[in-house]
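Structure at a glance
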Amino acid sequence: MSTTDIIEKTEGADEVTKTRKRTVKPIKKFPSHSIEEALKIPTLIKENNGGNPWATEQLARALNMKKGGNNFYYLTASSRDYGFTNGTRETVNVELNDLGRKYVYAQSQEDLLEAVWSAFNNIEIFKKVYEYYKGNEPSDETFFRNALVSTFGIDESLHDDFLNVYRENRHFLQTFGEKQTENIFSSVSTGSQIISSTMHQSSEKKIFVIMPFSEKTGKYSKGFFNEVLAELIKPAAKAAGYFAETADRNGSDIIHSTIVKAINNAEIIMADLTEHNPNVLFELGIAIALKKPVILIKTEETGQIFDIDNTIRVFSYKSNLWKSTLEKDVPNLATRINAVVNNIGIDKSYFDTFMGNN
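Reference entry: report on the structure contained in this document. (Residues numbered from 1 in each chain as written. Predicted model: local features only at pLDDT ≥ 70, side-chain atom pairs only at ≥ 80, totals over all residues. Heavy atoms only, no water.)

Focus on the pairing of strand E5 (residues 93-96)
Here is the key point about a regular strand: its side chains alternate between the two faces of the sheet. As a reminder of what qualifies: Burial classes follow relative accessibility: with a 1.4 Å probe on protein chains only, a residue under 20% of its type's maximum area counts as buried, one over 50% as exposed, and anything between as partly exposed. The numbering of helices and of strands both runs from the N terminus, where a helix is a DSSP run of H or I of at least 4 residues and a strand a run of E of at least 2. By the convention used here, strands pair only if DSSP detects at least 2 bridges between them.
Burial of the side chains of E5 is restricted to one face: Val94 and Leu96 are buried, whereas none of Asn93 and Glu95 on the reverse face is. Sheet topology note: the strand E3 (residues 54-55)/E5 ladder contains two bridges and is antiparallel. Bridged to Ala55 within E5 is Asn93. Here two bridges tie strand E4 (residues 85-86) to E5, and the two strands are oriented antiparallel to one another. Residue pairing in the sheet places Asn86 in a bridge with Glu95 of E5. Connecting the antiparallel pair E4 and E5 is a turn made up of six residues, with Gly87 showing a positive phi of about 110 degrees.

See below:
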């Protein structure tokens, strides 16, 4: 496949025939974004709308993108092409399909593994390249690029984009315990479990996050808490070897029974006290009553809540969420998580502290 030049003939006013070239761009048969990036779409739908079809405009806002912009289109199109969701900027809603639901509501390590491999397998050109080389790239970059043209029909102008996305996906899959065998695709496509594969440790250890789902006081812009979760909490939890997850309120401030159950089942609780949200405080009270290890965080400008800050150590973070501040706050919060983890079973719970139990 190569870029095509089409010669067009036009008649000028002087009846002299003129020619001009119009270049036809080659067809791109792979997503613009990696699997990991595309998973932002189904993850946001789960976290912000309970897994229900979500208005495209609201999804774009949650991503800090313009609904009609190309960036939003390419990201939603990538999620669609991998098989996680249906819908792009051209549709009223974007919704989870079976594969996206399998990933965000995975019940086992095998579910996660099969979901990401199925997504990779859904892109025919990725599958072909992987199978042809049995999971290993040629050591010579020139030979590899030559094969992309002669064997796989990928135009040279698309090589850099293809290799970036393909390699990002390979790296992402390796974090899920990639098993490099000739029949891995048949194992995934038939839905059979790949027993010998191992998952990233963070998928086994979870921190349940109690936090506001909307901004109430006007001090913080819309989407602030989504940014805190994505840019501070999740990276810090990952650095500490944990996976941070929060509740699905489905656009409501009601405290659902599922939230109470999640608190009861969680190993560790993190609560964001910013804005003194009453639901957060209520859920924190449940966690303390259940004697759960608790990590408290808040923005630096958030004042104390009664005398709780004198009893429980609170981690303060900068609300600007600039890259320069996150470079400090993320590792510091990870250190705080590790400190709590290391003291599980040693220190008294906060319930014992409040009750004066020995």
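Now, onward.
A short note on the sheet that holds strand E9 (residues 294-299)
What holds strands together in a sheet is hydrogen bonding between their backbones, with the strands either parallel or antiparallel. Quick note on the threshold: All axes are obtained by fitting lines to C-alpha atoms, using only the stretch in contact for helices, and the reported angles, taken between N-to-C directions, cover 0 to 180 degrees. It only takes one pair of heavy atoms within 4.5 Å for two residues to be counted as in contact.
Across the sheet, which stays open at both edges, the five strands sit in the order E7-E6-E8-E9-E10 with parallel pairing between neighbours. Each having just a single partner strand, strand E7 (243-246) and strand E10 (314-317) make up the two edges of the open sheet. Adjacent strand axes in the sheet meet at a mean angle of 30 degrees when their direction is disregarded. Bridge count between strand E6 (residues 206-210) and strand E8 (residues 268-272): four bridges; the pairing is parallel. Note that in E8 the partner of Val209 across the bridge is Met270. Contacting E6, E8 and E9, helix H13 (residues 278-289) runs over the sheet at an angle of about 155 degrees to E8. Each of E6, E8, E9 and E10 is contacted by helix H15 (residues 323-342), which is oriented at about 155 degrees to E9, the strand it contacts most.

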